[in-house]
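Commentary on secondary and tertiary structure
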Amino acid sequence: MATPRRPERVTITHVDSGEFMSCQFNPDEVKEKLRANYNAVEIAGMPHKELQWVSSDNLQISCELGFDALSTEGAGRFDVSGAVGIEDARRFLHGFFYPVVGAESVATGAPSNLLFSWPGLYALECKLTDLDITMKRFAWTMQPTLFSASIKLEVVSAIRRSRDDVMNYGTIGAQA
């Protein structure tokens, strides 16, 4: 009898070090937020204001990750089950809010980028802009055994994208 194949999981990779974390459970839903910015230009004699496009905000992605120490599924960078695995996952996520050791300038002193990979949907280089952890269950030692992490990511891009790029490649695949 063949061993059942483990489903692909969402991963978060530290771009500078290559360390990655497979999410213990894939999120139930993901939200995208995108906004266009316009200036309302007043033109003398016109009965309305013209909307002049200024820019588009960076794509924002949000979802909730779940971590359960009582599950046999591993968590964190080391895919370890139990409280050690979920504590590692919590620390890994916290790490995206602090610069790496040895930053020598303002530019290199920012927290690192991450690669958010959702198989078949996203492969995006992002900043983790918001993390909201709710601890829901504790062992008798008071160590958390269940928590959820609501994350908000903002896509960073070093290229200028056009409508054609987005229509042809979406959010995965060729980037220019």
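Our structure's up above, just so we're on the same page.
These remarks concern the structure in this document. (Residues numbered from 1 in each chain as written. Predicted model: local features only at pLDDT ≥ 70, side-chain atom pairs only at ≥ 80, totals over all residues. Heavy atoms only, no water.)

With that out of the way, let us pick up the packing of aromatic side chains. Tallying each qualifying case throughout the model produces 5 aromatic pairs. On the basis of an interplanar angle of 85 degrees and a centroid distance of 5.2 Å, the ring pair of Phe 92 and Phe 96 is categorised as edge-to-face. Phe 96 matches Phe 92 in its accessibility class, with the two residues each being buried. With centroids separated by 6.4 Å and ring planes inclined at 90 degrees, the aromatic side chains of Trp 118 and Tyr 122 adopt a geometry described as edge-to-face. With respect to class, Trp 118 is no different from Tyr 122; both count as buried. Pairwise contacts between aromatic rings join Phe 116, Trp 118 and Tyr 122 into one cluster. (Phe/Tyr/Trp six-rings, centres within 6.5 Å; stacked < 30°, edge-to-face > 60°. Buried < 20%, exposed > 50% of the residue type's maximum accessible area, 1.4 Å probe, protein only.)

Of all hydrophobic cores here, the largest spans 30 residues; its most connected members are Ile 12, Phe 67, Phe 116 and Ile 151. Of all the secondary-structure elements, those providing two or more residues to this core are strand S6 (60-68), helix H1 (83-94), strand S7 (114-118), strand S8 (122-138) and strand S9 (144-155). Other than its neighbours up to four places away in sequence, Ile 12 contacts Glu 19, Phe 20, Met 21, Cys 23, Leu 65, Phe 92, Leu 93, Phe 96, Leu 114, Leu 115, Phe 116 and Ile 151. (Core = buried A, V, L, I, M, F, W, Y, C linked by side-chain atoms within 4.5 Å. Helix = DSSP H or I, 4+ residues; strand = E, 2+ residues; numbered from the N terminus. Contact = heavy atoms within 4.5 Å.)

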